[in-house]
Structure formats: structure tokens, C-alpha cells
Amino acid sequence: MFTHKLTAVSAAAVALGSTLLLAPAASAASAAPAEQAATCRTVKDSTRFGASCFDSGLYRAVARCADGRTVPGPWVRDQQWSYASCTSIGSTVTGGYVQFA
């Protein structure tokens with residue numbers, strides 16, 4: 001349970017930190033995922049990052065890979081799981097975040 005809470009907090013922090021690197025127009029739109037992250041459950045291991053959110057419309061998990069790239073998972077709706085994997089690019093998962101449509 002402790003690991004789960006830490007992962008959710010880490011995902012929210014990564015999502016919030018990534019908005020600082022985006023162009024101003026994209027930053028405003030990207031701010032919403034950090035606020036909505038409290039309604040999501042996340043899981044992470046060395047090969048994938050997953051998310052399941054409540055009352056959020058469309059969303060997807062995005063994995064941050066050890067080589068610095070990101071890999072998005074499929075778009076899903078409320079309470080479904082979206083998984084993103086870095087194995088498709090020959091890397092491992094270091095974290096991730098939830099992206100909302």
C-alpha cells in the first residue's frame with residue numbers, strides 16, 4: 001500500500017514537472033493532469049507504467065524511459081487500465097504520468 005501511494009505521488013510530481021518544460025500554450029492544458037492525478041491509481045515496474053482513473057473521461061498512461069524518451073499507452077475511459085511499456089524501444093521504465101484528453 002505504501003508503494004502504491006508513493007507511485008501515485010511520484011506520477012503527479014512528474015506530470016507537474018513536465019508542464020514546466022512545455023511551450024506556454026501547452027502548459028495551461030497540461031496543468032489539468034497534475035490536479036486530476038489524485039483520482040487515479042498507478043502502478044509501475046521496470047517494464048511498464050499503468051494508470052486507472054475515475055470520473056476523468058479519456059486518459060492514457062505515459063511511461064518515462066531510462067533513455068529519456070516517453071512512450072504513451074492507449075487512450076481509455078473511466079476505470080479502465082492503460083499501460084505504457086518502454087520495452088518497445090529497448091529501455092526500462094523510470095516513472096510515468098497520466099495524460100488527459
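Note that the coordinates shown come from a computational prediction; the quantities given were computed from them, not determined experimentally.

Draft legend 1. Region of the structure containing the pattern of salt bridges. For the structure on display, the rule yields one salt bridge. When the shortest N-O distance is used, the salt bridge between D67 and R69 registers 2.9 Å. Judged by relative accessible area, which is 39%, D67 ranks as partly exposed.

Draft legend 2. Layout of the sheet that holds strand 2 (residues 48–53). Across the sheet, three strands lie side by side as 1-2-5; this open sheet has antiparallel pairing. Across the chains shown, the open sheet's two edge strands, defined by having one partner strand only, are strand 1 (40–44) and strand 5 (81–85). Taken over all neighbouring pairs, the strand axes of this sheet differ in orientation by 15° on average, direction set aside. Taken together, the five bridges between strand 1 and strand 2 define a ladder with antiparallel strand orientation. Note on strand 2: the bridge partner recorded for V43 is G50.

Draft legend 3. Structural view of the nonpolar core. Counting residues in each nonpolar core, the largest one holds 15 residues, and the members touching the most others are C53, Y59, A63, V98 and F100. Elements supplying a minimum of two residues to this core: strand 2, strand 3 (59–65) and strand 6 (93–100). Here this core takes four residues from strand 3, the largest share from any one element. Leave out the neighbours within four places in its chain, and A63 touches F49, R69, T70, V71, A84, C86, V93, G95 and G96.

Draft legend 4. The arrangement of the packing of aromatic side chains in detail. Counted by the stated rule, this structure contains two aromatic pairs. Judged by centre distance (6.4 Å) and plane angle (50°), the rings of Y59 and F100 are tilted. A residue pair is termed long-range when its members are at least 10 positions apart, and Y59 in strand 3 and F100 in strand 6 qualify at 41 residues. In this structure, Y59 and F100 share a single accessibility class: buried.

Draft legend 5. Expanded view of the sheet that holds strand 6. Judged by pairing direction, the sheet is antiparallel, and its three strands sit side by side in the order 4-3-6 without closing on themselves. Each of the sheet's edge strands pairs with one partner strand only, and the pair in question is strand 4 (70–72) and strand 6. The sheet shows a mean angle of 25° between the axes of neighbouring strands, direction not considered. Bridge count between strand 3 and strand 6: seven bridges; the pairing is antiparallel. Each bridged residue has a counterpart across the sheet, and for C65 the counterpart in strand 6 is V93.

Draft legend 6. Structural detail: the pairing of strand 2. Of all six residues in strand 2, five are buried; the element is thus mostly enclosed. The antiparallel hairpin formed by strand 1 and strand 2 contains three residues in its connecting segment. Relative to strand 5, strand 2 runs antiparallel, the two sharing five bridges. Pairing of G50 across the sheet is with Y83, part of strand 5.

Criteria and cut-off values
Residues numbered from 1 in each chain as written. Predicted model: local features only at pLDDT ≥ 70, side-chain atom pairs only at ≥ 80, totals over all residues. Heavy atoms only, no water. Salt bridge = Lys/Arg side-chain N within 4 Å of Asp/Glu carboxyl O. Buried < 20%, exposed > 50% of the residue type's maximum accessible area, 1.4 Å probe, protein only. Pairing = 2+ DSSP bridges. Helix = DSSP H or I, 4+ residues; strand = E, 2+ residues; numbered from the N terminus. Axes fitted to C-alpha atoms, helices over the stretch in contact; angles between N-to-C directions. Core = buried A, V, L, I, M, F, W, Y, C linked by side-chain atoms within 4.5 Å. Contact = heavy atoms within 4.5 Å. Phe/Tyr/Trp six-rings, centres within 6.5 Å; stacked < 30°, edge-to-face > 60°.

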